[in-house]
Structure formats: structure tokens, C-alpha cells
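The residues making up each chain are set out below.
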Amino acid sequence: MSVLELDDIRLAVPHPSGDRTLLRGVSLSVAPGEALGLVGESGSGKSMTLRTVLRTEPRGAHVTGRVLLDGRDVRGLGTAELRRVRAESLAMISQDPRAALNPLLRVSRFLVEGLCDARGDDERTATRRARDLLAQVGIADVDRCMNSYPHQLSGGMLQRVVIAAAVAGSPRLLLADEPTTALDVTTQSEVMAILDEQRRERGMSMIFVTHDLELASAVCDRIAVMYAGEIVEISTPERLHAAPRHPYTRLLLDSRPSLTARTPVLPVIPGRPVAAYEVGGGCAFAGRCPWSEPGCTDGEIPLVRDGDRAVRCAREEELAGELAHATGTEATA
Ligand SMILES: Nc1ncnc2c1ncn2[C@@H]1O[C@H](COP(=O)(O)OP(=O)(O)O)[C@@H](O)[C@H]1O
Ligand SMILES: [Mg+2]
């Protein structure tokens, strides 16, 4: 059984000019121990998807669809049960570690109180465990870290503390929302390596949200590509790179900076990303897609599954061969 299954999640928020759709039927599953990357441009609905799992969507949002965590529908739980599920089965790591920590508490208090609450440890046991956890996430000077207030530590150190707290109870599922985006580049790779190592050692599943396809490919078993509030393609990183099946994925791959290609100007995806609520009929990407045809803007285009892959493109079969090759190498300013 999947650790997490999202089944046709639709979300709309109230707006003076009528409800605004933000998620247009997101379905995905995460297997035990699996890391799923959720990638896509800013505003495509990645964070909102995670919020439906945590049930922290915006106030007044209308949500339909099912969120099954180990087979139980999270969306139907009462407050007390929801608290328990959040404490035992889910952990969240967000972009800004400062938001997760109380600025008035030393790291030791933050970790020890968390461990006492979650595991019922006594203070001495919790302190010992907190120190072990800090060492495991690569903190060299555990004493100094334990005694520090958040403002005394760098972003990278703080994110390690947050990771330590997140993995402490070995939850079933880690929700990591751009956990390294706010860090400088060298710190990013260290923190990512620690998160990856801790997740694997503990056999935890993860949804890793990022706009960085390369990073997702390096640490995830499968990648789901989001566009305008829906998933347009799911694949393994290897197959996604070798033979993407959705035009948007192809163009995302082509717009990465390359160390070897001698392209003077990076190809960009033409047009601007559309918001989920702006999408009419047919394919959300049609207006920017070099391969679109008149038929692409009609009806609803389903996410068609094929083994461990899935794609939402009306021309999927015709384009399969063409999309295996990079485009835009002759891009000009
Ligand atoms: N609290 C909110 N109320 C209304 N709209 C929101 C709210 N938060 C985010 N949105 C909108 O929802 C869409 C998806 O946002 P988000 O999931 O944060 O994108 P991503 O994480 O992929 O960058 C965006 O268009 C954003 O403007
Ligand atoms: Mg986001």
C-alpha cells in the first residue's frame, strides 16, 4: 500500500470575482521509502499540494478529492486525530528554517521539548537524543549549537536543526518544500546530502518540492512535473531526461544551464506561466507549446498512465520520438 495517495485533489479559494481554482485534479502516490520530486515553475501549485496533505490550505478554501495516508483519509479526520497523524506520521521542512524555530528558545529547548512531546521521553533521555541527532546531521560543535538561539546560527546550521527535529520520530512521510533554496550554493549541497542520507537510513518516504529538476533527479526515485495546478508528467529521472513525454518537460530540460553546451543564450520557454484559474478548456500549456494544434485546446486532457509513467498531452503518441531530442540549441536573444 502507498504511504500517500492523492486522488483527484481540486482546490479553489474564494475571490471577489468568483472562486479561483489553484489545483485542478492532482493525483499521485508515494510508495514506502520512495522519494517523489515535485517540480514546476513558481506558482504551479507545488506548495499548495503539500498543504492539502497537512490540511493547512488557505482559510475558506474548497477542497475535494482524497488524501490517503497509509490508507486513511486525512481530510476526514477530527482535530485530535489530525494532531496525532501530524505528530506521528508527517514532518515538514520548509524553505525558511527560521519559521520553524521559536526565536526566543535555544536550540536545546526546541529539540528537547519536541522529543518529550512526541516520544514521551524524560528530559535527560531527550537531551541525549537531541545531541545524537545534531551529530547525525553533521553539526560539529554540538554544545555550541545546543546553547544557541536561532539568530546566532547560520541558515545552513538552522536547516540542519530542523532536519534533526523532522527525522527524530522517523515519520512515515517527509514533506520537504524547497528545503535548500534559501541557502548558499555550497551549503545547499551539504544540507541536501544530509537530508537524503537521513531519509534513506530511516526508510522514510518523501515528497521533495523544488523548481530545480537536476536536484530532484539526483535525490528522487520519481519526478512529477506540475504546471498550472495539475500534474503533466510523472516519470523516473532517467526516463524523464532520456525521453520526456510532455512538451513542457522537454522545454524545462532544455532551459537548464549546461556546463558543456556552447549556447550563448539560454533557451527560455516562450510566454508566461498561466495560473490554474486562467486555464480554459484543453491543455493548460497549449498557449506556450511549440507543438500545439487546434485540437489541444478542447475538452479535458487526461493524465494517461503507462506503467510507472504518466503524461497529460493530447499529442503524446505522435510526439514521443520528437520530444526525445533537445530543442532550442539555436536560440537567439
Ligand atoms: N493563501 C493563498 N490565497 C490565494 N491564493 C494563493 C494562496 N497561496 C498561494 N496562492 C496561489 O496559488 C498558486 C499556487 O501557489 P503555490 O502552491 O505556492 O505555488 P508553488 O509552490 O508551485 O510556487 C499561485 O498562483 C499562488 O499565487
Ligand atoms: Mg512553493
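How each quantity is defined
Residues numbered from 1 in each chain as written. Chains lettered and ligands numbered in written order. Predicted model: local features only at pLDDT ≥ 70, side-chain atom pairs only at ≥ 80, totals over all residues. Heavy atoms only, no water. Near = heavy atom within 4 Å. Polar contact = N/O pair within 3.5 Å; in protein donor to acceptor, adjacent residues only side chain to side chain. Areas by Shrake-Rupley, 256 points an atom, 1.4 Å probe, with all protein chains shown as cover. Helix = DSSP H or I, 4+ residues; strand = E, 2+ residues; numbered from the N terminus. Nonpolar A, V, L, I, M, F, W, Y, C, P; charged D, E, K, R; others polar. 1 Å grid on protein atoms, 1.4 Å probe; cavity = no way out; pocket = protein on both sides within 12 Å on 5 of 7 lines; lining within 4 Å. Points joined across faces, edges and corners; volume = space filled by probe spheres on them. Phe/Tyr/Trp six-rings, centres within 6.5 Å; stacked < 30°, edge-to-face > 60°. Buried < 20%, exposed > 50% of the residue type's maximum accessible area, 1.4 Å probe, protein only. Lys NZ or Arg CZ within 6 Å of the ring centre and 35° of its normal. Salt bridge = Lys/Arg side-chain N within 4 Å of Asp/Glu carboxyl O. Core = buried A, V, L, I, M, F, W, Y, C linked by side-chain atoms within 4.5 Å. Contact = heavy atoms within 4.5 Å. Pairing = 2+ DSSP bridges. Axes fitted to C-alpha atoms, helices over the stretch in contact; angles between N-to-C directions.

Draft legend 1. Representation of the site of ligand 1 in the model. If you check the shell around ligand 1, you find Val-13, Leu-22, Glu-41, Ser-42, Gly-43, Ser-44, Gly-45, Lys-46, Ser-47, Met-48 and Pro-58 and nothing else. Lys-46 places a polar side-chain atom, nitrogen or oxygen, 2.8 Å from an oxygen atom of ligand 1. Here an oxygen atom of ligand 1 sits 2.8 Å away from a polar atom, N or O, in the side chain of Ser-47. With the chains in place, 63% of the 570 Å² that ligand 1 exposes on its own is no longer accessible. Counting residues per element, the shell around ligand 1 draws most heavily on helix α1 (residues 46–54), which supplies three residues. Its residues assigned to classes, the shell around ligand 1 shows four nonpolar, five polar and two charged.

Draft legend 2. Empty space enclosed by the protein, seen in detail. Under the counting rule described, the total for this entry stands at two cavities of 30 Å³ or more. Looking at the largest cavity, its volume works out to about 80 Å³. As for the largest cavity, its lining consists of His-246, Pro-247, Cys-283, Ala-286, Cys-289, Trp-291, Ser-292, Cys-296, Cys-313, Ala-314, Arg-315 and Leu-319. Here the second largest cavity defines a volume of roughly 30 Å³. Every residue lining the second largest cavity is listed: Arg-245, Val-304, Asp-306, Arg-309, Ala-310 and Val-311. Among the secondary structure elements, those contributing two or more residues to the lining of the second largest cavity are β11 (304–306) and β12 (309–311). Per element, the largest residue contribution to the lining of the second largest cavity is three residues, and it comes from β12. When grouped by side-chain class, the residues that make up the lining of the second largest cavity number three nonpolar, no polar and three charged.

Draft legend 3. Up close: the packing of aromatic side chains. Taken as a whole, this structure holds three aromatic pairs when the rule is applied. Residues Tyr-227 and Tyr-248 carry aromatic rings whose centres are separated by 4.7 Å and whose planes lie at 55° to one another, so their mutual orientation is tilted. Of the two residues, Tyr-227 is situated in strand β9 (residues 222–227) and Tyr-248 in helix α11 (residues 247–254); the sequence distance between them amounts to 21 residues. Here the two residues Tyr-227 and Tyr-248 agree in accessibility, since each one is buried. For Tyr-227, a relative accessible area of 2% translates into the label buried. Three or more aromatic residues link up through ring pairs in this structure, and these residues are Tyr-227, Tyr-248 and Phe-285. In this structure, Arg-20 is placed above the aromatic ring of Tyr-277, and the distance from its NZ or CZ to the ring centre is 3.8 Å.

Draft legend 4. Spotlight on the pattern of salt bridges. Counted under the stated rule, the structure contains 23 salt bridges. Of the charged contacts, one joins Glu-233 and Arg-309 as a salt bridge, the two residues approaching to 3.6 Å between their closest N and O atoms. In this pair, Glu-233 sits in strand β10 (residues 230–235) while Arg-309 sits in strand β12, placing the two residues 76 residues apart along the sequence. Owing to a relative accessible area of 7%, Arg-309 belongs among the buried residues under this scheme. Each of Asp-8, Arg-10 and Glu-300 takes part in one network of salt bridges that share partners.

Draft legend 5. Highlighting the nonpolar core. Judged by nonpolar contacts, the single largest core of 61 residues is most densely connected at Leu-134 and Leu-174. Here the element with the most residues in this core is helix α7 (residues 155–167); it accounts for seven residues. Setting aside residues no more than four positions away along its own chain, Leu-134 makes contact with Val-107, Leu-111, Ile-139, Val-142, Cys-145, Met-146, Val-161 and Ala-164. Grouped together as the second largest cluster of nonpolar side chains are 33 residues, Leu-28, Val-53, Val-85 and Met-226 included.

Draft legend 6. How the structure looks around the environment of Pro-244. For Pro-244, the position within the fold is in the loop between α10 (237–242) and α11. Each residue touching Pro-244, except ones within four places of it in the same chain, is listed here: Glu-233, Arg-239, Thr-249, Arg-250, Leu-253, Arg-309, Leu-323 and Ala-324.

Draft legend 7. Representation of the sheet that holds strand β6 (residues 90–93) in the model. The strand order across the open sheet formed by eight strands is β6-β7-β8-β3-β9-β10-β12-β11, and the pairing between neighbours is mixed. Every interior strand has two partners, whereas the edge strands, β6 and β11, have only one. Strand-to-strand twist across the sheet, computed as the mean angle between neighbouring axes with direction ignored, equals 20°. Looking at chain direction, strand β7 (residues 173–177) and strand β8 (residues 205–210) are connected through five bridges and run parallel. When the bridges of β8 are listed, Ala-176 appears paired with Phe-208. Where α1 meets the sheet, its contacts fall on β3 (35–39), β6, β7, β8 and β9, and the angle it forms with β7 comes to roughly 150°. The sheet strands contacting α7 are β6 and β7, and the helix crosses β6 at an angle near 175°.

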